[in-house]
Amino acid sequence: MKEIEISKKIGRELLDEDVLPLAAKALGCKPQMVGEWRVVRRSVDARKEPLYRYRVAVVRKGEDFEEYVTEPYLDVASAEPVLIVGAGPAGMFAALKLLTRGYKPVILERGKDVHARKFDIARLSREGLVDTDSNYCFGEGGAGTFSDGKLFTRSSKRGDIREVLHQLVQFGADPDILVSAHPHIGSDKLPQIVENIRKCIVGHGGEYHFGCRVEDIVRKADGSYELKAPCGSFSARKVILACGHSARDIYRLFVSRGWAVEAKGFALGVRVEHPQWLINKIQYHGKWQPFMPTAEYAFVTQIEGRGVFSFCMCPGGILVPSSTEPGELVLNGMSNSARNSKWANAGVVVSVEPEDLPHYQKYGPLSSLEFQRDVERSMFDFSSSFKAPAQRMMDFCRRVPSANLPASSYHPGTVPAPLHELLPENISLRLKYAFPYVGNKLMHGYYTNEALLLGVESRTSSPVRLPRDPQTLEHVDLPGLYPCGEGAGYSGGIVSSALDGIRCAEQV
């Protein structure tokens, strides 16, 4: 087998006549001796004429491709149980891996199943009512279920990304995710995929328990664990703790028990919303056509020794409230599979390290968490509701109020606010310099008063790490308990979290 590179105008189909001459040259044979070919990678190149760049695998006639085969799931109804706290990507893929190894996954999820969860999300957006266990962060599928389902990751060293992508396709995702350079599923399609995963786990003897928030973890004399929740008590020798990046109660439980917890750097900033037509124009240099993929963007720069970068970019998306407690305001973005709304949004955030927060050191390992929480509360206090404090981009950088605000996809609404004052100074000043830099150097047209900044984007990753042994992946104080995924501070995003779940299950 050989791989070749081919470029083709977007909208033009890749044909045999494009592939065969190049394939024959690569294989060292005549075109009529070329057998099958298949696209293994596709990316957009819009630097000049918008093109698809294809990486194509080819074989000679009589040769076959090596197919990727997922491992079979075993019947584990009578097998040894392993408790999994959390039904997000880390928890789900840990459970699937356990099925292949003959262990019974017992998933304890504080939220509701993925379909019931939609009603709580709707009440949060429409009525401002927060269910602290069922929201955009908590519930079956985790935070990524209602955040576009982006599957791009640089975590190839953590495991075989194909294991995650092929299983997602097996459970209903479009096979296109196997070849797209920036694959995504969409918040309209992920719920059914998540439900299909649950049906597989339960069908092979695993268990799900919803409305089952873990309130206490007890290590018994024999080294096994008892997890106590409103839905009952559960015991097992092994526990995979995949609680998600917003499980503040779990972090406080660890601190109260004297188990090791570390403050961790994270990132905080704003959601930035542009008209999608403008991002299309910028990224395609005015050559975008309706048949082309909706444009997205990503950037990273350094301002005064800290990273400033885009995060969770949602082309053709909408903004949503991601609060997990009353009295705090957090925003996130999502988009459906078609990515066809009028807006583009992304987090633009500044790296925050524990040493940047001298006034919070009194909170010890929860210093970054308490800082995060205070900023979220200040945003809610300003509007006294889930209306988002907002400011036009150029007004923010000029440090002047916005006399009026453009339309926004954010359903609860916006309220004019001096975000340059509401945000902590170390965040505000770096953003002030970052936006003009991006507009002048990286994306001409990005720096505009047509762009709206909304506060606050603060759930980029966990502000806490639960330290674990680098070889066994067990918590340093708790043999047999495996901190896992975003909530433990070891991943970010669907795929890297899924890979970490697989690694922890393999250690079990």
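Our subject is the structure that appears above.
Bear in mind that the values here come from a model prediction, so they are computed numbers and not experimental data.

*Asks:* Give a detailed account of the pattern of salt bridges, specifying residues and quantitative values.
*Replies:* All told, the structure shown has 35 salt bridges when counted by the stated rule. Here Asp-356 and Arg-306 are joined by a salt bridge, their closest N and O atoms 2.9 Å apart. Placement of the pair is Asp-356 in the loop between β17 (343-352) and α8 (367-383) and Arg-306 in strand β14 (residues 306-314), with a sequence separation of 50 residues. Here the salt bridges do not stand alone but share partners, grouping Arg-248, Glu-325, Glu-328, Arg-373, Glu-376 and Arg-459 into one network.

*Asks:* Describe the sheet that holds strand β7 (residues 216-219), and please don't skip the residues or the numbers.
*Replies:* One open sheet accounts for three strands, arranged β7-β8-β9; its pairing is antiparallel. Looking at strand neighbours, the two that pair on one side only are β7 and β9 (232-236), the edges of this open sheet. Taken pair by pair, the neighbouring strands of this sheet meet at an average axis angle of 20 degrees, ignoring direction. Note: strand β8 (residues 225-229) against β9, five bridges, orientation antiparallel. The residue bridging Tyr-225 from the neighbouring strand is Ala-236, located in β9.

*Asks:* Kindly report on the nonpolar core, identifying the contributing residues and their values.
*Replies:* Among soluble globular proteins, nonpolar side chains are generally buried collectively. Ranked by size, the top nonpolar core spans 115 residues in total, and within it Ile-240, Val-272, Leu-431, Phe-435 and Tyr-446 carry the most contacts. Top contributing element to this core by residue count: helix α2 (residues 89-101), with eight residues. Excluding residues within four positions of it along the chain, Leu-431 makes contact with Gly-269, Val-270, Val-308, Val-348, Val-350, Phe-396, Cys-397 and Leu-423. Grouped together as the second largest cluster of nonpolar side chains are 28 residues, Val-106, Ala-236, Leu-253 and Val-464 included.

*Asks:* Give me the lowdown on the sheet that holds strand β19 (residues 414-416), citing residues and values where you can.
*Replies:* Read across the open sheet, the seven strands follow the order β13-β14-β17-β12-β20-β18-β19; overall the sheet is mixed. Of all the strands in the sheet, just β13 (300-303) and β19 have a single pairing partner and so form its edges. Shown here is a sheet whose adjacent strand axes are inclined to one another by a mean of 35 degrees, direction ignored. Across five bridges, the pairing between β14 and β17 is antiparallel. For Phe-309, the partnering residue across the bridge sits in β17 and is Val-349. Its contacts with the sheet place α8 against β12 (266-275), β17, β18 (388-392), β19 and β20 (452-457), and it is angled at close to 40 degrees to β12. Of the strands in this sheet, β12, β13, β14, β17 and β20 touch helix α11 (residues 425-442), which is tilted by about 130 degrees from β17.

*Asks:* Account for the packing of helix α4 (residues 161-170) against helix α13 (residues 494-507), with residues named and values stated.
*Replies:* At a minimum axis separation of 9 Å, α4 and α13 run at an interaxial angle of 105 degrees. Comparing the axis directions of α4 and α13 gives the class roughly perpendicular. Each of Ile-161, Glu-163 and Val-164 in α4 lies in contact with α13, whose residues at this interface are Val-495, Ala-498, Leu-499 and Ile-502. Classifying every residue of the contact of α4 with α13 by side-chain character gives six nonpolar, no polar and one charged.

*Asks:* Give a description of the side chain of Asp-133 that names residues and reports values.
*Replies:* Position of Asp-133 relative to the elements: it lies in the loop between α3 (114-127) and α4. Only 3.0 Å separates the side chain of Asp-133 from the side chain of Arg-110, close enough to count as a polar contact. Filtering out sequence-adjacent residues up to four positions away, Asp-133 remains in contact with Arg-110, Gly-111, Phe-138, Gly-139 and Arg-213.

*Asks:* I'd love a proper account of the packing of α2 against α4, names of residues and values included.
*Replies:* Describing two packed helices takes the angle between their axes plus the distance from one axis to the other. The contact between α2 and α4 brings their axes to 12 Å, and the two run at 90 degrees. One way to sum up the angle between α2 and α4 is to call them roughly perpendicular. Note on element contacts: α4 touches α2 through Glu-163, Val-164, Gln-167 and Leu-168, opposite Phe-93, Leu-96 and Lys-97.

*Asks:* Break down unusual backbone geometry for me, with residues and values.
*Replies:* With the exception of glycine, the majority of residues adopt a negative phi angle, and the majority of peptide bonds are in the trans configuration. Residue Val-456 is bonded to the preceding Gly-455 through a cis peptide linkage, with omega at 5 degrees. Looking at the element boundaries, Val-456 is found in strand β20. Its identity as a non-glycine residue notwithstanding, Ser-384 has a phi of 55 degrees, on the positive side. Structurally, Ser-384 is set in the loop between α8 and β18. The exposure class assigned to Ser-384 is exposed, which follows from its relative accessible area of 57%. In this structure, Leu-473 is a non-glycine residue whose phi angle is positive, near 70 degrees. Looking at the element boundaries, Leu-473 is found in the loop between β21 (464-465) and β22 (481-483).

*Asks:* Tell me about the state of the cysteines, and name the residues and values.
*Replies:* Considering all chains together, one arrives at one disulfide under this definition. Each sulfur in the disulfide pair Cys-212 and Cys-231 lies 1.7 Å from the other. Highlighted residues: Cys-212 in the loop between β6 (207-210) and β7 and Cys-231 in the loop between β8 and β9, separated in sequence by 19 residues.

*Asks:* Can you tell me about the pairing of strand β16 (residues 331-334), naming the residues and giving the values?
*Replies:* On β16, burial covers both faces: Leu-331 and Gly-333 on one face and Asn-332 and Met-334 on the other are all buried. Where strand β15 (residues 318-321) lies against β16, four bridges are found, and the strand directions are antiparallel. When the sheet's bridge partners are listed, Leu-319 is paired in β16 with Gly-333.

*Asks:* Could you give an account of the pairing of β13, naming the residues involved and the relevant values?
*Replies:* Only one face of β13 is covered, namely the face carrying Thr-301 and Ile-303; the face carrying Val-300 and Gln-302 is uncovered. The antiparallel hairpin formed by β13 and β14 contains two residues in its connecting segment, where Glu-304 sits at a positive phi of about 50 degrees.

*Asks:* Run through the environment of Lys-150, naming residues and quoting values.
*Replies:* Locating Lys-150 in the fold gives a position in the loop between α3 and α4. The sequence separation of Lys-150 and Pro-183 amounts to 33 residues, and the corresponding C-alpha distance is 6.2 Å. Setting aside chain neighbours within four positions, we find Lys-150 in contact with Pro-183, His-184, Cys-312, Met-313, Cys-314, Arg-339 and Ile-494.

What counts, and where the lines are drawn
Residues numbered from 1 in each chain as written. Predicted model: local features only at pLDDT ≥ 70, side-chain atom pairs only at ≥ 80, totals over all residues. Heavy atoms only, no water. Salt bridge = Lys/Arg side-chain N within 4 Å of Asp/Glu carboxyl O. Helix = DSSP H or I, 4+ residues; strand = E, 2+ residues; numbered from the N terminus. Pairing = 2+ DSSP bridges. Axes fitted to C-alpha atoms, helices over the stretch in contact; angles between N-to-C directions. Core = buried A, V, L, I, M, F, W, Y, C linked by side-chain atoms within 4.5 Å. Buried < 20%, exposed > 50% of the residue type's maximum accessible area, 1.4 Å probe, protein only. Contact = heavy atoms within 4.5 Å. Parallel < 35°, antiparallel > 145°, perpendicular 65-115°, else oblique. Nonpolar A, V, L, I, M, F, W, Y, C, P; charged D, E, K, R; others polar. Polar contact = N/O pair within 3.5 Å; in protein donor to acceptor, adjacent residues only side chain to side chain. Disulfide = S-S within 2.5 Å.

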